[in-house]
Amino acid sequence: MRRVWISALALLTAALLLGGCSGRKSFEPKETVSASAAISKTGKEAVSILRDGVTFSDGSYLTRSGMGSVKLPKGFHYVNQSSRYVLAADDTGQLLILDRHSGKVIKKGKLDLPLVSATIVGNRIYYVAQNNVFGVYSIPANKATISAKVGRAFAVDTRIANPIVMQGIVVVPTLDGKLLLIDPRNPRAARGLAIGNDYNLNNVIFLKKMGGRIVAATPKKLISAAPGAMHKFEAPIADVAISGGAIYALTGDGRVVKLSPSLKVLAQRSFPYAQFTAIAVVGGKVYALDRSGALIVMDNSLKKDRIYDVGEVDDYAFVAGNRLYKDDEVIDLSKLSY
């Protein structure tokens, strides 16, 4: 059975992404080009779909860089990895820490609540669990050394971002729209940066570093934060990518927007009724996938475009390197152009 954090919340997220109404119009391009030469079958069934990883029924997993190097035991899904470890979890709060090269299980652990996002820094795991609980887990001690509820979150978007490390600081996205800034030398003295103040669907769904900036998004806005300044771009956010010193966003109202690091709009295109689900920026091209199966390929100024028909998205879409995985297929983006 597919892993869904809370099924009711997943349904709520899907309803919002689709406009909350089955009668919503769909994107209908005037002309499309076949992409069959770029599409092949994976032969794999996804059982867990997270922001940064997809786990398949055979225990293999997909990361943003490509296929993982080890197989996971049945019932466990991929969460994150470091140069040394792979972190996996199940739906009951159990953790597995595996050697990334040999696949050997190094530690088995247990949290009080199921894990929803995490990153590995040295021999510690910085995590967020269900009910918006932040914690630090010691791999050598095989236990949580810090565990604290950090705010209220009544409903979340299931595209939950993992923590990142920036200039020695661990940035942990909470489920109520905050970023915890943690110095590993004193993890109890965390500072907070609020992105929004809603309790519903306000969790961080995208989190990356861009030079000395933090770029983050909730389902309702995009922010770019640097010391002494925070810029906002308010729109329903479907997906985000960073490339070549620019930020590219897909919005829930059918736009592809190119922004500067300070979130000034540099270019944008509108595709009426598009229900975007994934974006990739590879080789100077921008790829925007609509749920109906229209894959729009543009130059990075968003002026030129060609639209390919890759088939409706029934289950999931996930970008890994220069490949777009969709349901049981993989699309080689390098074979498509505008």
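Above this note sits the structure.
Note that the structure is a prediction, hence the values are computed from the model and not measured. (Residues numbered from 1 in each chain as written. Predicted model: local features only at pLDDT ≥ 70, side-chain atom pairs only at ≥ 80, totals over all residues. Heavy atoms only, no water.)

Overview of the overall build of the protein chain
(1) Moving on: Secondary structure assignment for the protein chain yields one helix and 33 strands.
(2) Moving on: What you see for the protein chain is a C-alpha radius of gyration of 19 Å, in line with the 20 Å of a compact globule of 338 residues.
(3) Moving on: Reported as C-alpha extents along the three principal axes, the dimensions of the protein chain are approximately 60 × 45 × 35 Å.
(4) Moving on: Here the protein chain, with 338 residues, has 52% of them falling under the buried criterion.
(5) Moving on: Counted over contacts in the protein chain with a minimum sequence separation of 6, partners at least 24 positions apart contribute 44%.
(6) Moving on: Working note: accessible area of the protein chain is about 14,900 Å², and carbon and sulfur atoms make up 49% of it.
(7) Moving on: Positive and negative side-chain charges in the protein chain, numbering 44 and 27 respectively, have mean positions lying 8 Å apart. (Helix = DSSP H or I, 4+ residues; strand = E, 2+ residues; numbered from the N terminus. Rg over C-alpha atoms; globule rule 2.2 N^0.38 Å. Buried < 20%, exposed > 50% of the residue type's maximum accessible area, 1.4 Å probe, protein only. Contact = heavy atoms within 4.5 Å. Areas by Shrake-Rupley, 256 points an atom, 1.4 Å probe, with all protein chains shown as cover. Lys, Arg positive; Asp, Glu negative; His and termini not counted. Charge placed at Lys NZ, Arg CZ, Asp CG, Glu CD.)

As for the nonpolar core
(1) Moving on: Membership of the largest hydrophobic core comes to 20 residues, with the highest contact counts inside it found for Val256, Phe271, Phe276, Val286, Ile296 and Met298.
(2) Moving on: Elements with a minimum of two residues in this core: strand S23 (237-243), strand S24 (246-251), strand S27 (276-282), strand S28 (285-290) and strand S29 (294-299).
(3) Moving on: Setting aside residues no more than four positions away along its own chain, Ile296 makes contact with Phe27, Phe271, Phe276, Val286, Tyr287, Ala288, Asp305, Arg306 and Ile307.
(4) Moving on: With 17 residues, the next largest nonpolar core counts Tyr287, Leu289, Tyr308 and Val313 among its residues. (Core = buried A, V, L, I, M, F, W, Y, C linked by side-chain atoms within 4.5 Å.)

Re unusual backbone geometry
Phi is mostly negative for residues that are not glycine, and the peptide bonds are mostly trans.
(1) Moving on: Phi at Asn131 takes a positive value of approximately 70°, unusual for a residue other than glycine.
(2) Moving on: Position of Asn131 relative to the elements: it lies in the loop between strand S12 (124-129) and strand S13 (133-138).
(3) Moving on: Note on Asn131: relative accessible area 47%, which makes it partly exposed.
(4) Moving on: Residue Gln167 is not a glycine yet carries a positive backbone phi of 50°.
(5) Moving on: The exposed category is assigned to Gln167, whose relative accessible area is 68%.

Remarks on the side chain of Thr251
(1) Moving on: Position of Thr251 relative to the elements: it lies in strand S24.
(2) Moving on: Among all residues touching Thr251, those that are not within four sequence positions of it are Phe233, Ala235, Pro236, Ala238, Val257 and Phe276.

Just distances and angles here, no functional claims.
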